[in-house]
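# Remarks on the overall topology
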Amino acid sequence: MSLTILGLGTALPRHPFAQGDAAEVIRSFFCETDEQRRLLPILFRRAGVRQRHSVLAERPAADGPIQSFYPPASGPADRGPTTAQRMDVYRKESSPLALQAARQALDQAGILPRDLTQIITVSCTGFTAPGLDIALIKNLDLKPTIPRLHVGFMGCHGVFNALQAAAAVAAAEPHSRVLICAVELSSLHLHYGWDPESIVPHALFADGAAALIGVGSRGFPASAAHERSDGPRPASGACERPGTPWQATAFGSCLFPDSEHAMTWNIGDNGFVMTLSADVPDLIAGDLRPWLEGWLRRNDLQIRDVPSWAVHPGGPRILTAVAEGLDLPQETLADSQAVLAECGNMSSPTILFILERLQRRNAPRPCVALSFGPGLIAEAAIFR
């Protein structure tokens, strides 16, 4: 069961927050004491993030106040915007970002929207119906009969679940041409009031979207941009893929034992609530390698046979735990670290940003992609 990637597209909100500016905004409603206000910027500097993007950024930082959605806390009882208010922003802002990424992926693949045979959407930071699938159908002028699938509330590894579903579609229908589109607006879920378990998510999470065109064994279009010199060129911002297309050829999943407490994601009255235990890096360091070695062996690989890695940057400690647990040189995860620094943790789209970087520099294959989500679950894919 495999899926060939013909196109990748990524999209970010217009205005970035420098990490220092993000700390200033969050300090106004998150910190309750002078000691907390002093500590917060220090913790933010340790997050490995230089800047991140948010749909809430109304203008560049140099032009005045960056955002108005989160006013300073009015008092200890203030818990910020309601979930309904946050979902109203999600409803308005998620579709344009998703469409930007989808159009880039289609341009790179050289596929007309009407030739798509399936769409799979991914998101865990918002709910609305009609949702992203309907927005894609209407704005891309897709066939109204196109099948749809939504991967919802799966967390950072949601794209892995979508890839596996797309591969199953491709196996059943060799002529399939599948659009996967992931969008997350994590900045809608910042919380008021000091909570040690929320510090790391507040320092890491950001907004973004990514899309992928995957095809079955007979889904290659004769007019694909990469197959003819006079074909349409990729849109600005789309990566031109050197070499042969990448194929997702295997998928794996492992639920770590006694780990349900380590990462949670629930709906609250004032946004969605994440808990991220300090145990997560230790769980990864202890439980990842035994499972991964067996899974790779079943796919005729060993860790030393893998020259490229796309590891979801849940945070710098998670990247360190993966590198140490698998005995990988730190430079192996340079692309993951770069995406974390430039974009933050965008949840599900992030892995496609990393794959785009790897494809752009024609990284050697096979490549193993990894991500972690509530469970605690590890998801993996092999790209050849």
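Described below are features of the structure shown in this document. (Residues numbered from 1 in each chain as written. Predicted model: local features only at pLDDT ≥ 70, side-chain atom pairs only at ≥ 80, totals over all residues. Heavy atoms only, no water.)

The next subject is the pattern of salt bridges. Evaluation of the coordinates by the stated rule reveals 15 salt bridges. In this structure, Lys92 and Asp88 form a salt bridge, with 3.2 Å as the shortest nitrogen-oxygen distance. Separated by 4 residues within a single helix, Lys92 and Asp88 lie in helix H3 (residues 83–109), roughly one turn from each other. On the basis of relative accessibility, which here comes to 57%, the residue Lys92 falls in the exposed class. Accessibility expressed as a relative area gives 31% for Asp88, which makes it partly exposed. Across the pair Arg357 and Asp335 runs a salt bridge whose closest N-O atoms are separated by 3.4 Å. Residue Arg357 is located in helix H10 (residues 350–360), and its partner Asp335 is located in helix H9 (residues 334–343); the two are separated by 22 residues in the primary sequence. (Salt bridge = Lys/Arg side-chain N within 4 Å of Asp/Glu carboxyl O. Helix = DSSP H or I, 4+ residues; strand = E, 2+ residues; numbered from the N terminus. Buried < 20%, exposed > 50% of the residue type's maximum accessible area, 1.4 Å probe, protein only.)

All right, on to unusual backbone geometry then. Among all residues except glycine, the phi angle is most often negative; among peptide bonds, the trans geometry is most common. For the bond from Ala129 to Pro130, the omega torsion is 0 degrees, close enough to zero to count as cis. Turning to its location among the elements, Pro130 is positioned in the loop between strand S4 (118–123) and helix H4 (132–139). Note the cis peptide between Gly375 and Leu376, where omega equals -5 degrees. In this structure, Leu376 sits in the loop between strand S12 (367–373) and strand S13 (377–383). Notably, Asp258 is not glycine yet its phi reads approximately 50 degrees, a positive angle. Among the secondary structure elements, Asp258 is positioned in the loop between strand S8 (246–255) and strand S9 (263–268). For Asp258, a relative accessible area of 68% corresponds to the exposed category. The backbone of Asp300 sits at a positive phi, close to 60 degrees, despite the residue not being glycine.

With that out of the way, let us pick up H10. With 9 of 11 residues buried, H10 is to be regarded as a mostly interior element. The complete set of buried residues in H10 reads Thr350, Ile351, Leu352, Phe353, Ile354, Leu355, Glu356, Leu358 and Gln359. Immediately beyond the C-terminal end of H10, within one or two residues, lies Asn362, with a positive phi of roughly 55 degrees.

One face of the sheet, then the other: side chains in a regular strand alternate in exactly this way. By the criterion of burial, S4 is predominantly enclosed, with 6 of the 6 residues buried. Of the two faces of S4, the one holding Gln118, Ile120 and Val122 and the one holding Ile119, Thr121 and Ser123 are both buried throughout. Of the pairings in the sheet, the one linking S4 to strand S6 (residues 177–185) comprises 5 bridges and is parallel in character. Bridge pairing in S6 links Val122 to Ala182. Traced from S4 through H4 to strand S5 (residues 148–152), the parallel crossover comes out right-handed. (Pairing = 2+ DSSP bridges. Right-handed = clockwise from strand over helix to strand, strands pointing away.)

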